[in-house]
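Coordinate analysis (summary)
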Amino acid sequence: MAQLEDARSEALLVDSWLPDLEVSEFATVIRMLYPSMELLRVDGGVDGGARSPRRNELLHALREAQSSPLNDTAAWAAAPEAVPVVQSGVRAGVRTPGQAVSAIRKTEDGVELRKREDDARLDSARQALSVLMGRGESAKSGVPRESMLPELVGASESMRELTRLIRLVAPRSTTVLIEGETGTGKEMVARALHRLSDRANKPFAVLNCAAIPEALLEAELFGHTRGAFTGAVQSRTGRIEAAHGGTLFLDEIGEMPLALQAKMLRFLECGELQRVGDNETMRVDVRVIAATHQPLEKLATSVGSERTFRLDLYHRLAVFPVEVPALRERLEDLSLLAEHFLEQMARKRLTAEAMAKLHEHHWPGNVRELMHVLERGAILAGDRMEIGLEEIRFRRVTQG
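Owing to the predicted nature of the structure, the values given are computational and were not obtained by experimental measurement. (Residues numbered from 1 in each chain as written. Predicted model: local features only at pLDDT ≥ 70, side-chain atom pairs only at ≥ 80, totals over all residues. Heavy atoms only, no water.)

1. So, the overall build of the chain
A count of helical and extended segments in the chain gives 16 helices and 15 strands. Counting over 400 residues, the chain shows a buried share of 44%. The long-range share in the chain, meaning contacts at least 24 apart out of those at least 6 apart in sequence, stands at 64%. With an accessible surface of roughly 21,700 Å², the chain has 50% of that area assigned to carbon and sulfur atoms. (Helix = DSSP H or I, 4+ residues; strand = E, 2+ residues; numbered from the N terminus. Buried < 20%, exposed > 50% of the residue type's maximum accessible area, 1.4 Å probe, protein only. Contact = heavy atoms within 4.5 Å. Areas by Shrake-Rupley, 256 points an atom, 1.4 Å probe, with all protein chains shown as cover.)

Below, the structure written as structure tokens:
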């Protein structure tokens with residue numbers, strides 16, 4: 001209670017068992033004293049009151065904690081610490097609070113041990129809530145932890161702004177248009193939007209409009225009935241219907257044929273769809289997120305044959321546009337990205353010369369190209385733990 005008086009908080013996470021009072025009594029007092037603060041229980045319950053902007057993140061963290069295979073089922077034991085463990089300036093991994101307390105348990109016993117365990121739990125809870133409330137700081141850069149989402153890697157100003165926009169729009173059902181060059185990670189942004197939304201437990205359906213032949217795209221999107229066309233031996237549920245209650249991610253939306261765009265516009269406006277070959281319409285509840293590397297606004301406002309995208313559909317999709325920056329525009333994140341990928345694929349490290357060579361490259365393929373360059377370098381390095389200058393090789397792309 002003293003801590004709540006000292007600092008305003010958006011949400012309070014409390015264990016259902018308290019040593020000195022009943023949790024419902026505590027919740028009543030909190031609601032009276034702090035009506036604008038949301039109270040959530042470790043078991044996932046919500047005691048009414050206000051809804052925090054971070055509510056979905058808190059609930060997601062609790063769900064992940066409860067599904068953890070750890071023997072200790074307390075949520076604090078499974079949640080990652082706010083700050084990565086750092087040794088000699090190199091990230092050494094992430095320890096859970098449960099692992100930290102286990103280390104203490106091996107070296108101490110008695111009353112002092114219990115006190116240390118309680119202190120460790122309290123510190124871990126403070127750190128986790130600090131991150132979720134956006135007040136923590138990175139041990140490496142001093143950047144507010146609000147800029148860090150599990151799907152995104154980077155500490156640059158552009159990535160912090162991207163994260164801010166994701167958190168603002170994620171809890172809503174607003175249609176989002178993700179724009180950015182090929183290889184920047186637009187699908188990762190879409191997955192972050194879905195994870196932080198109220199639809200996180202519902203389906204996340206993905207459809208790449210450029211990967212499916214034009215003749216089959218409508219049936220793939222809206223579904224079809226038996227006998228609707230040659231080869232339709234049975235009815236099939238479309239991607240929109242499969243995403244009911246959840247999120248539909250339309251990648252490369254700029255490749256959608258004009259004829260199908262009109263039907264997509266109808267669905268976005270009224271929430272109704274009609275299977276190919278069916279006379280009946282059905283209503284579905286789907287949040288649409290679209291992505292493109294093309295200048296859709298330019299394509300929609302062009303004249304004549306150059307106009308390949310409907311202007312009304314563009315405005316319906318771009319209710320909340322989000323721009324994913326190119327890698328060359330945030331080279332300060334290159335070291336973090338390289339470290340992240342190397343930890344995932346090879347647990348190798350780069351020499352200073354190799355890192356300098358990466359910084360000199362223009363990165364036309366963006367983050368995807370970086371991942372492939374590092375994977376190639378890790379293979380060429382063989383059994384050596386370091387990737388040197390000679391292992392960093394770029395592919396020359398020719399136009400023809």
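2. Observations regarding a nonpolar patch on the surface
A cluster of nonpolar side chains, Met1, Val29, Met32 and Leu33, forms an exposed patch at the surface whose accessible area comes to about 390 Å². Here Met32 lies in helix α2 (residues 23-33). Given a relative accessible area of 62%, Met32 falls into the exposed group. (Patch = residues over 30% accessible without salt bridge, like charges linked within 9 Å, V, L, I, M, F, W, Y side chains within 5 Å. Salt bridge = Lys/Arg side-chain N within 4 Å of Asp/Glu carboxyl O.)

3. Re the sheet that holds strand β5 (residues 176-179)
Taken together, five strands build an open sheet; the order of strands is β6-β9-β12-β5-β13 and the sheet is parallel. This sheet does not close on itself; its edge strands, each paired only once, are β6 (204-208) and β13 (320-323). Strand-to-strand twist across the sheet, computed as the mean angle between neighbouring axes with direction ignored, equals 20 degrees. (Pairing = 2+ DSSP bridges. Axes fitted to C-alpha atoms, helices over the stretch in contact; angles between N-to-C directions.)

4. Section: the nonpolar core
Grouped together as the largest cluster of nonpolar side chains are 32 residues, with contacts concentrated most on Leu221, Ile240, Leu250, Ile253, Met264, Phe267 and Phe309. Every element with two or more residues in this core is listed here: β6, α9 (214-222), β9 (247-251), α11 (258-270), β12 (287-292), α12 (296-301) and α13 (311-317). In terms of residue count, the dominant contributor to this core is α11 (five residues). When sequence neighbours within four positions are dropped, the list of residues in contact with Phe267 reads Phe222, Ile240, Glu272, Leu273, Val284, Val286 and Val288. (Core = buried A, V, L, I, M, F, W, Y, C linked by side-chain atoms within 4.5 Å.)

5. Topic: unusual backbone geometry
Apart from glycine, the bulk of residues carry a negative phi angle, and the bulk of peptide bonds sit in the trans form. Backbone geometry at Glu252 places phi at a positive 55 degrees, although glycine is not the residue there. Structurally, Glu252 is set in the loop between β9 and α11. Non-glycine residue Trp363 carries a positive phi angle of around 60 degrees. Topologically, Trp363 is positioned in the loop between α15 (352-360) and α16 (366-381). On the basis of relative accessibility, which here comes to 0%, the residue Trp363 falls in the buried class.

Read these as layout, nothing more, since geometry by itself doesn't imply function.
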